[in-house]
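Coordinate analysis (summary)
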Protein chains: 2
Amino acid sequence: MLRTHTCGELRTAHIGQPVTLCGWVQKTRDKGSLLWVDLRDRYGITQLFVEEADNKSLAAEVRNLGREFVIAATGTVIERQSKNPKIPTGDIEIRIEKLQILNPAKLPPFLIEDETDGGDDLRMKYRYLDLRRNVVRQNLELRHRMAKAVRDYMDSQGFLEVETPVLIKSTPEGARDFVVPSRIHAGEFYALPQSPQTFKQLLMVSGFDRYFQIVKCFRDEDLRADRQPEFTQIDCEMSFVQQEDILNMFEGLVRHLFKAVKNVELPTLTRMTYDYAMENYGSDKPDIRFEMKFKYLTDLAKGKGFQVFDASETVVGIVAEGCAEYTRKQVDELTEFVKKPQIGAKGLVYVQCKADGTFKSSVDKFFDNEALKGWASSMGAKAGDLLLILSGETHKTRKQLNELRLEMGNRLGLRKKDEYAAHWVIDFALLEFDEESNRFHAMHHPFTSPKPDDLHKLNSTDHEVLGSIRANAYDMVINGVEVGGGSIRIHDRAVQSQMFKLLGFSEEEAKAQFGFLLDAFEYGAPPHGGLAFGFDRLCSLFGGSDSIRDFIAFPKNNAGKDVMIDSPSPISEGQLKELHIKL
Amino acid sequence: MLRTHTCGELRTAHIGQPVTLCGWVQKTRDKGSLLWVDLRDRYGITQLFVEEADNKSLAAEVRNLGREFVIAATGTVIERQSKNPKIPTGDIEIRIEKLQILNPAKLPPFLIEDETDGGDDLRMKYRYLDLRRNVVRQNLELRHRMAKAVRDYMDSQGFLEVETPVLIKSTPEGARDFVVPSRIHAGEFYALPQSPQTFKQLLMVSGFDRYFQIVKCFRDEDLRADRQPEFTQIDCEMSFVQQEDILNMFEGLVRHLFKAVKNVELPTLTRMTYDYAMENYGSDKPDIRFEMKFKYLTDLAKGKGFQVFDASETVVGIVAEGCAEYTRKQVDELTEFVKKPQIGAKGLVYVQCKADGTFKSSVDKFFDNEALKGWASSMGAKAGDLLLILSGETHKTRKQLNELRLEMGNRLGLRKKDEYAAHWVIDFALLEFDEESNRFHAMHHPFTSPKPDDLHKLNSTDHEVLGSIRANAYDMVINGVEVGGGSIRIHDRAVQSQMFKLLGFSEEEAKAQFGFLLDAFEYGAPPHGGLAFGFDRLCSLFGGSDSIRDFIAFPKNNAGKDVMIDSPSPISEGQLKELHIKL
């Protein structure tokens, strides 16, 4: 090694030792006769020290060092005069005797500091410099520890990590595939996997019993903020299980992760049905760090002459505790919030529950004090609270109120980054009718099994009946983020064929796309199920960030470009020709 | 869980316990009044037992079970009358009370046994059934344990596993890239990585200090036996190191792997230079489980009137100990062996060192007993040995003799699968001149650093001088298999530019392809180096197999096809259109 120690490990116990450190010049300080260098590596910062009187030429060398120069410094560990309790090496410094510039550096285009002056685009272009910043590197260190802890747990539970292929076959169901033209087989293409779903099911047919994989997946979707064309899943599958077994196993995994990585004892995961979640939170991934459940006023508020409510299917609100004294401006902000196009409410009704037992509302013209008192009582509000009420078509209104609830959670500081509330949402619908394509889509995916009690409904042609089929599907939600989801799978060929039929596959199409899976089901498929976690998302949750990009070493931008390496990019005519394709 | 225990865990201590097992019917035996079922899962086989007199209908159910039916069996653990010491559960059996068919099974197209009757093609098409066979599944269990042990070691040494992108940029150097057309950026393509080389170097520039990754890589090559278009590497890189540090670190890794996975204490790795390996073994990956080094006879045997030798640059042989009594047929076989087109020797000269001190050779006409005695003595042969001699152009002859040496090693049982000899080959040449393209190629890759002593030669235009530049490059060889290799990298922009120039890149091309790396070198790149192991190959070596396919869950065939899922395959016109490409 070119060094004897890292920049993070020297302590007072090392005083008197000769050492050589290597690293990057974080900064230099020149007080004339005394000079210091902060030398940085992955492990920390150590202060180097030269006295000009001791060694004039060395002092001159130090003066010539620029930010981010890579150097090797040899000297002796000494006690520091003015200690720095903020860093672990703050009690010592190195009186240097020799300095070697291993590589000079141009001035970086932005500051390599926790708080940088570099904009997003610049930092993406020079991602290798952005990764030098402690905050970014620490995210990837966290990711490493997370992956290690996942593997340790899965291994301890008897799961085998099996690599499934990346060059697979394009399937029309789901999102768009990335494809790869074959040179050897003209006119044919591989596809990159959106998930290893069929392979993990085949591994269950193979008797692997417990499979997992931390694996790259690919989706050629129109990118939204914080979507990546390539992303990483913790993909898992088990045989001879029921839903309960999977929930317990993977509750164990996240509890292990919280303990191993953050030393947090995560409370037992609660469970709620999809219907309950939608009714009480207007979301299939409610943030239950705070209560503020929905309260329905439809019966109390409809038919009293207020046109807006009278025309609504549902009138529903939340209680913002202690917010009765919100100013006009604050209430207007909330009204503007729910009227934003991406939320889409027409307006917001509020009721202030005054300390003196009276009520003030935006609908005083239509509802007297007694009526408002009835609302407050029905919603469980007390003096000092603020009622926020939306109305309209049930599903849309719930979704809007979900947004308002989360906004109020933010405003009231109820969504603390270092508090964790995890739970399962279960009993999802199996099928969703899509008006546009005029057919049912799988809510989870086409391999999800109906609840045994609902199995008979699969043969119905009644949309209502089909829509009411519940699935053995489940999502894990932490702090309002869906971190994972899965299902018990179909393991019966007839049921799977029926499912494909419902999803609009002809028999030929099903056979062409998934024939190998249907075949496999005839050769002894065990009951099985599993789930997948979004690993990027899980890391960002653990890291207390909303952006998955911060937890990916070399992410793509929102246009799917890697601006550092300039990809995608044109390829040569020769390559196109070899691949039998034309532009 | 649908079971209380697996099929591998019940012992005499469980006798009397009620249990439910799930698994596949390996076979049934029907002795009229007594019936048995061998129930199999990943963990083992347990015998189920029914007495017809006890339960007639249950016996009938057992009679209806077919091979590979998936069942759940409930009953009581009892002591077995005739114990089977060959299996861990052989002391007990289950007296069953209830049987549930979880899924029936069609008769598999081949036997699910260690020795199967299924041909390669059939087993590839039904890979999910092939994976049920113990021997195949055990290979993947080994692979899981290998990956786990790699990660445990790397983590313990402070390496961070960082995922590098799969959608990157096509580069002309090296093998052909697989490419992925971009839908969002018409006419542009991503490429799949042949290795994460540039990204791991950028991580060193970022100060990550120690990086590793078990990662899929891709090469669109014409497939030879046992080449896969997608393969897995253990990819590693370290900063502030010299070659010695890397050799030690990764010697530590393989020794850890042998200990953790096979409980084998691997001896310290020896080292030899590339030149030494070529001179003594005719190979840059010699199998040193056995000696049989090359012995040169050029001086002794040339100019004695034997035309073949006289026209040869080199006359070189090996000593096959104790083979003097090889029959005519055996010697002919060896001659045929070296004359095979893929080896390409014109003939083989042999000398039998008889027990009585005389010699018999295929060149008796040209060399008398005294001369042959001289050869034997020079080659260190003793009475009873056989000399096998080739001649011709030095490089070619060495390669041919290497093949013969390995063949003799096989014939003499000197290449035992459960014996391991690992070593480093070092001091490779930096550049190789390629006659066809009339330019130098990087022997390792374009980022490999010359030895400091040879750095000045980079500016030469003399092919001889350029060819003599040695690289800081190294391969790890185990049992004649190159399992990994790497180098100290260039970290200086000027040297890297010079290297690209030597490899025929114009300045513009170098900038277009690797501009980001050249830029990165100007912002403070540390000295760094690393290596990569071929993980598939390493697993097959540990598993005692010559085929990497046996250690890949879903491999492709020699035409790059996955015959199970039928990939590659055509995609729709709509997809082509969206991707802006035509066939």
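Residues numbered from 1 in each chain as written. Chains lettered and ligands numbered in written order. Predicted model: local features only at pLDDT ≥ 70, side-chain atom pairs only at ≥ 80, totals over all residues. Heavy atoms only, no water.

Comments concerning the overall build of chain A
Looking only at helices and strands, chain A has 17 helices and 22 strands in total. Each of the three principal axes of chain A carries a C-alpha extent, and together these read 90 × 75 × 50 Å. Within chain A, buried positions represent 58% of all 583 residues. Counting only contacts in chain A whose residues sit at least 6 apart along the sequence, the fraction spanning at least 24 positions is 65%. Accessible surface, chain A: about 23,700 Å² in total, of which carbon and sulfur atoms supply 48%. Within chain A, one finds 77 positive and 87 negative side-chain charges whose respective centroids are separated by 4 Å. (Helix = DSSP H or I, 4+ residues; strand = E, 2+ residues; numbered from the N terminus. Buried < 20%, exposed > 50% of the residue type's maximum accessible area, 1.4 Å probe, protein only. Contact = heavy atoms within 4.5 Å. Areas by Shrake-Rupley, 256 points an atom, 1.4 Å probe, with all protein chains shown as cover. Lys, Arg positive; Asp, Glu negative; His and termini not counted. Charge placed at Lys NZ, Arg CZ, Asp CG, Glu CD.)

Quick word on the sheet that holds strand 16 (residues 386-392) of chain B
Residue and element names in this part refer to chain B. Here we have five strands laid out as an open sheet, ordered 12-13-16-14-15, and antiparallel in their pairing. Of all the strands in the sheet, the pair left with one neighbour each is strand 12 (295-296) and strand 15 (359-361). Bridging between strand 12 and strand 13 (residues 314-320) involves two bridges; their strand directions are antiparallel. Paired with Lys 295 across the two strands is Gly 317, which belongs to strand 13. (Pairing = 2+ DSSP bridges.)

Examining the interface of chain A and chain B
Facing 121 residues of chain A, the contacting portion of chain B comprises 121 residues. The contact between chain A and chain B buries some 10,800 Å² in all, and 59% of this surface belongs to carbon and sulfur atoms. When the buried surface of chain A facing chain B is broken down by residue, Glu 163, Phe 240 and Tyr 523 of chain A rank first, second and third, together holding 8% of it. Run the count over chain A and chain B and you get 18 salt bridges. The tally of links between chain A and chain B comes to 69 residue pairs in polar contact (both at pLDDT 80 or more). For the side of chain A that touches chain B, the element with the highest residue contribution is helix 4 (residues 134-156) of chain A, accounting for nine residues. Of the residues in the side of chain A that touches chain B, the class split is 65 nonpolar, 21 polar and 35 charged. (Buried area = accessible area lost by both parts, 1.4 Å probe. Salt bridge = Lys/Arg side-chain N within 4 Å of Asp/Glu carboxyl O. Polar contact = N/O pair within 3.5 Å; in protein donor to acceptor, adjacent residues only side chain to side chain. Nonpolar A, V, L, I, M, F, W, Y, C, P; charged D, E, K, R; others polar.)

Thoughts on empty space enclosed by the protein
Here the structure, examined in full by the defined rule, presents twelve cavities of 30 Å³ or more. A volume near 490 Å³ is recorded for the largest cavity. Lining the largest cavity are 32 residues, with Arg 151, Ile 214 and Val 215 of chain A together with Ile 214 and Val 215 of chain B positioned closest to its centre. For the lining of the largest cavity, the secondary-structure elements that each account for two or more residues are helix 4 and strand 9 (210-218) of chain A together with helix 4 (134-156) and strand 9 (210-218) of chain B. (1 Å grid on protein atoms, 1.4 Å probe; cavity = no way out; pocket = protein on both sides within 12 Å on 5 of 7 lines; lining within 4 Å. Points joined across faces, edges and corners; volume = space filled by probe spheres on them.)

Overview of the relation of the copies chain A and chain B
Both copies of the chain are placed relative to one another by a rotation about an axis and a shift along it. For the pair chain A and chain B, the best superposition has an RMSD of 0.1 Å and corresponds to a rotation of 180 degrees with a translation of 0.0 Å parallel to the axis. Interpreted geometrically, this transformation is the action of a two-fold axis. Taken as a fraction of all interface residues of chain A, those also at the interface in chain B reach 99%, which identifies the copy contact as same-surface. (Least-squares fit on C-alpha atoms with pLDDT ≥ 70 in both.)

Description of the packing of aromatic side chains
On inspection of all chains with the given rule, the structure shows 48 aromatic pairs over all chains. Taking the centre distance of 6.1 Å and the plane angle of 75 degrees together, the rings of Tyr 126 of chain A and Tyr 128 of chain A count as edge-to-face. Assessed through its relative accessible area of 14%, Tyr 126 of chain A is described here as buried. Residue Tyr 128 of chain A is classed as buried on the basis of its relative accessible area, which comes to 1%. Aromatic pair Phe 159 of chain B and Phe 250 of chain B: ring centres 6.0 Å apart, planes at 65 degrees, arrangement edge-to-face. (Phe/Tyr/Trp six-rings, centres within 6.5 Å; stacked < 30°, edge-to-face > 60°.)

Re the domain arrangement of chain A
Buried accessible area, meaning the area lost when the parts come together, often serves as the stated size of an interface. Residues and elements named next belong to chain A. What the domain assignment reports for chain A is domain 1 (12-103), domain 2 (135-265 + 531-578), domain 3 (290-411) and domain 4 (422-529). For domain 2 and domain 4, the distance between their C-alpha centres works out to 22 Å. Counting residues at the interface gives 33 residues for domain 2 and 38 residues for domain 4. Roughly 2,800 Å² is buried in total at the junction of domain 2 and domain 4, and carbon and sulfur atoms are behind 67% of that figure. At the boundary of domain 2 and domain 4, one finds one salt bridge. A salt bridge links Arg 489 to Glu 237, with the nearest nitrogen and oxygen atoms 2.7 Å apart. At the surface where domain 2 touches domain 4, the tally comes to eight residue pairs in polar contact (both at pLDDT 80 or more). (Domains from an automatic or database assignment.)

Let's talk about the sheet that holds strand 2 (residues 34-41) of chain B
Sheet architecture is closed into a barrel: five strands sit in the order 1-2-3-5-4 (chain B), paired in mixed fashion. Taking each pair of neighbouring strands and ignoring which way they run, the sheet shows an average axis angle of 55 degrees. (Axes fitted to C-alpha atoms, helices over the stretch in contact; angles between N-to-C directions.)

Focus on the pairing of strand 5 (residues 92-103) of chain A
The pairing of strand 3 (residues 44-51) of chain A with strand 5 of chain A spans two bridges and is classified as parallel. Bridging from a neighbouring strand, Phe 49 of chain A pairs with Arg 95 of chain A of strand 5 of chain A.

A short note on the environment of Pro 172 of chain A
Residue and element names in this part refer to chain A. Take Pro 172: it is sitting in the loop between strand 6 (160-161) and strand 7 (179-181). Looking at Pro 172, the relative accessible area reads 55%, which means it is exposed. Spatially, the C-alpha atom of Pro 172 lies 9.7 Å from that of Glu 509, the residues being 337 residues apart in sequence. In this structure Pro 172 touches Phe 505 and Gln 513, once residues within four positions along its chain are discounted.

Examining the side chain of Arg 40 of chain B
All names here are of chain B. Take Arg 40: it is sitting in strand 2. By relative accessible area, which is 5% here, Arg 40 ends up buried. One polar contact links Arg 40 to Gln 26, side chain to side chain, over a distance of 2.6 Å. Dropping the residues within four chain positions of it, Arg 40 is found in contact with Cys 7, Gly 23, Trp 24, Gln 26, Ile 45, Glu 68, Ile 112 and Arg 132.

Observations regarding the pattern of salt bridges
Applying the stated rule across the entire model yields 106 salt bridges over all chains. The partner of Arg 411 of chain A in a salt bridge is Glu 407 of chain A, and the shortest N-O contact between them spans 2.8 Å. Here Arg 411 of chain A pairs with Glu 407 of chain A, and both are found in helix 12 (residues 394-411), just four residues apart, close to one helical turn. Taking the relative accessible area as the measure of exposure, Arg 411 of chain A reaches 33% and is therefore partly exposed. Of the charged contacts in the structure, one is a salt bridge between Glu 188 of chain B and Lys 561 of chain A, with a shortest N-O distance of 3.4 Å. Taken together, the residues Glu 188 of chain B in the loop between strand 7 (179-181) and strand 8 (189-191) and Lys 561 of chain A in the loop between helix 16 (535-542) and helix 17 (573-578) connect one chain to another. Overlapping salt bridges, with partners in common, bring together Asp 120, Arg 123, Arg 127, Asp 130, Arg 133 and Arg 549 of chain A in one network.

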